[in-house]
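Examination of the molecular architecture
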Amino acid sequence: MTADFPTRISFDEAAAIIDRVAAGRRLSTERIPLQRGLGRVLAEDLVATIALPNFDNAAMDGFAVRGLPMPHGGWQLVGEQYAGADQGLVLAAGQGSRITTGAPLPAGAEAIVIKENARVDGDRLCTDHAPSANDHIRPAGEDVMPGTRLLCAGDVLTPARLGLAAALGLPELAVARRPTVAVFTTGDELKPPGQALAPGEIHDSNRAMLQTLLLAEGLEPVAWPILPDDPERIRSMLQDAAFSFDLVITCGGVSAGEKDHLPALLQSRGETCFWRVRMKPGMPLLFGRLGESLLLGLPGNPVSVLATFLTLGRRLIDGLQGRTEPRMRWRARLTDTVHKRHERREFMRGRLQMDDDGQLHVAPDAATGSHRLAAAAANDVLLVLPEGAGEFAAGTVIECLPCAAGRG
Ligand code: AMP
Ligand code: MG
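Quick caveat, the model's predicted, so the values are computed rather than measured.

Focus on the overall build of the protein
- When helices and strands are counted, the protein shows 7 helices and 29 strands.
- The C-alpha atoms of the protein give a radius of gyration of 30 Å, which is well past the 22 Å a tight globule of 408 residues would have.
- On the principal axes, the C-alpha backbone points of the protein span a range of 95 × 50 × 40 Å.
- When each of the 408 residues of the protein is scored for burial, the buried share is 47%.
- Pairs at least 24 residues apart make up 70% of the contacts formed inside the protein by residues separated by at least 6 positions.
- Of the accessible surface of the protein, which amounts to about 19,400 Å², a share of 51% is contributed by carbon and sulfur atoms.
- The positive charge centre, built from 42 side chains, and the negative charge centre, built from 49, are 5 Å apart in the protein.

Written as structure tokens, this is what we have:
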């Protein structure tokens, strides 16, 4: 196959191509109720139309008082103000009123005397804990002033952000549509778990992993039957899927072996954006367009699936939704020296630990083979070792990407 597309490109070049293609295929916007918003990418800025709190109110149950310090003989109690409806109380100097948390502050109130510190005798309120001005008062606008831009298009919705939208009175938000994704595994050797293996066969582990990687992104992947290493079957199934999904993700069949049919298929029936990225694991990664879809061809080795999906696959999904908020990543010190003998960017598996001083350390896993799924399962981050061969001495600060979604 002659390559008239970028091949053996750097990780950054691959990332740039993915960003460009995704930007050209930005998904449309839809309005969704807040309870369906978790993990969605905001499509428009969230600007406050009201203040939060929207009125001065009590932070504690107790008594609103006017007149500091406490008048001789205490404050005179005049009425009650509970959360829910503003009684329009006005306190004169030397007066106080019973109040509950969240209730509007009576006009003139200067502090709240909390219930635990109050002594009430008839209509007199006394305390041994001299209150200061503004004690336990939550002023209007303390959290948010009207007109403040609280979130930007491209930010991701979290529970607190969805609660914030609700506090502002919004029942729904505009977000990017989620990409629809078809997932294929390929290989004559694959059997679904639950089925007995003939000699030479293995269980399809990538399907469960890839589906749950996608679920962790809030997507609802549709998994198709395992594809045999038959170019005609692969072509017809993938072309079918390429009519109805935004994204087709395959794994296996993208290397240079006799049974690796995907690169030629994409070149003849679609358009290859790149094939092969100088990363480890995951070098044979394939990306392009097929029919109406984008096609991301992940390599077959399970750890390659993990590394390529978490780095470039997610980047594509994020780009399609217009996500600009960066992913969480950590920086940690290597516990052991790593000798890197190749030039590619490496995503090595490792385990994070925090010492008593709060310093993060990462223990690199010596089991680096891209078939070593048990080793990947025992770890929680991918260490990002930059391009270039050489030694990364123990103590070197290394970037780490979480790779165990679901563990919190
Ligand atoms: P391939 O890229 O198709 O040559 O596959 C590379 C390696 O990954 C081979 O050892 C395959 O048997 C293995 N492999 C491919 N697909 C899967 C899968 N779905 N589950 C587990 N291993 C796989
Ligand atoms: Mg294969």
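A few points about the layout of surface pockets
- Roughly 1,200 Å³ of volume is contained in the largest pocket.
- Lining the largest pocket are 43 residues, and of these Ala216, Glu217, Arg314, Arg327 and Ala405 sit closest to its centre.
- Looking at the lining of the largest pocket, the elements with two or more residues in it are helix H2 (159–167), helix H3 (206–216) and helix H6 (302–320).
- Ranked by residues supplied to the lining of the largest pocket, first place goes to H6 with 4 residues.

A closer look at the packing of helix H4 (residues 231–244) against helix H5 (residues 262–269)
- Relative to each other, H4 and H5 sit at 55°, their axes nearing to 11 Å. On the basis of their axis angle, the class for H4 and H5 is oblique. Once H4 is placed against H5, the crossing between them reads as right-handed. Where H4 approaches H5, its residues Ile234, Arg235, Leu238 and Gln239 are matched on the opposing element by Leu262, Leu265 and Arg269.
- Classifying every residue of the contact of H4 with H5 by side-chain character gives 4 nonpolar, 1 polar and 2 charged.

Let's talk about H3
- Within the span of H3, buried status applies to Asn206, Arg207, Met209, Leu210, Leu213 and Leu214.
- Buried residues along H3 sit against strand S14 (181–185), strand S17 (222–223), strand S18 (247–251), strand S22 (293–298), H6 and helix H7 (373–378).
- Where H3 ends, the next residue or the one after it, Gly218, has phi of about 80°, a positive value.

Some details on the site of ligand 1
- In the region of ligand 1, 15 residues are neighbours, and Glu189, Asp204, Ser205, Gly253 and Gly300 sit closest.
- Taking Asp204, its side chain carries an N or O atom lying 2.8 Å from a nitrogen atom of ligand 1.
- A distance of 3.3 Å is found between an oxygen atom of ligand 1 and a backbone nitrogen or oxygen belonging to Gly300.
- Look at ligand 1: alone it shows 480 Å² of surface, and the protein chains cover 77% of it.

Describing the sheet that holds strand S6 (residues 75–81)
- Across the sheet, 6 strands lie side by side as S8-S5-S7-S6-S10-S9; this open sheet has mixed pairing. Either end of the sheet is taken by a strand with one partner, and the two such strands are strand S8 (111–114) and strand S9 (118–121). For this sheet the average axis-to-axis angle between neighbouring strands, irrespective of direction, equals 40°.

With respect to the side chain of Ser97
- When you line up the elements, Ser97 lands in strand S7 (residues 95–99).
- When its relative accessible area of 0% is taken as the criterion, Ser97 is described as buried.
- Aside from chain neighbours lying at most four places away, what touches Ser97 is Gly62, Phe63, Ala64, Leu77, Val78, Gly79, Leu89, Leu91 and Pro106.

Some words on the nonpolar core
- The biggest cluster of nonpolar side chains holds 44 residues, and the ones touching the most others in it are Leu210, Leu214, Ile249, Phe274, Phe287, Leu298 and Phe309.
- Top element by residues in this core is H6. It accounts for 10 residues.
- Discounting chain neighbours no more than four positions away, the residues touching Phe309 are Leu210, Leu213, Leu214, Glu217, Ile249, Leu298, Ser304, Arg314 and Ile317.
- Formed by 20 residues, the second largest nonpolar core is a distinct cluster that contains Phe5, Ile234, Val254 and Leu265.

Thoughts on the packing of helix H1 (residues 11–23) against H6
- Interhelical geometry of H1 versus H6 gives an angle of 25° and a closest axis separation of 8 Å. When the interaxial angle is binned, H1 and H6 end up roughly parallel. Between H1 and H6 lies a crossing of right-handed hand. Contacts between H1 and H6 pair Phe11, Ala14, Ala15, Ile18, Asp19 and Ala22 from the former with Thr311, Leu312, Arg315, Leu316, Gly319 and Leu320 from the latter.

Cut-offs applied
Residues numbered from 1 in each chain as written. Chains lettered and ligands numbered in written order. Predicted model: local features only at pLDDT ≥ 70, side-chain atom pairs only at ≥ 80, totals over all residues. Heavy atoms only, no water. Helix = DSSP H or I, 4+ residues; strand = E, 2+ residues; numbered from the N terminus. Rg over C-alpha atoms; globule rule 2.2 N^0.38 Å. Buried < 20%, exposed > 50% of the residue type's maximum accessible area, 1.4 Å probe, protein only. Contact = heavy atoms within 4.5 Å. Areas by Shrake-Rupley, 256 points an atom, 1.4 Å probe, with all protein chains shown as cover. Lys, Arg positive; Asp, Glu negative; His and termini not counted. Charge placed at Lys NZ, Arg CZ, Asp CG, Glu CD. 1 Å grid on protein atoms, 1.4 Å probe; cavity = no way out; pocket = protein on both sides within 12 Å on 5 of 7 lines; lining within 4 Å. Points joined across faces, edges and corners; volume = space filled by probe spheres on them. Axes fitted to C-alpha atoms, helices over the stretch in contact; angles between N-to-C directions. Parallel < 35°, antiparallel > 145°, perpendicular 65-115°, else oblique. Left-handed = near helix turned anticlockwise from the far one by under 90°. Nonpolar A, V, L, I, M, F, W, Y, C, P; charged D, E, K, R; others polar. Near = heavy atom within 4 Å. Polar contact = N/O pair within 3.5 Å; in protein donor to acceptor, adjacent residues only side chain to side chain. Pairing = 2+ DSSP bridges. Core = buried A, V, L, I, M, F, W, Y, C linked by side-chain atoms within 4.5 Å.

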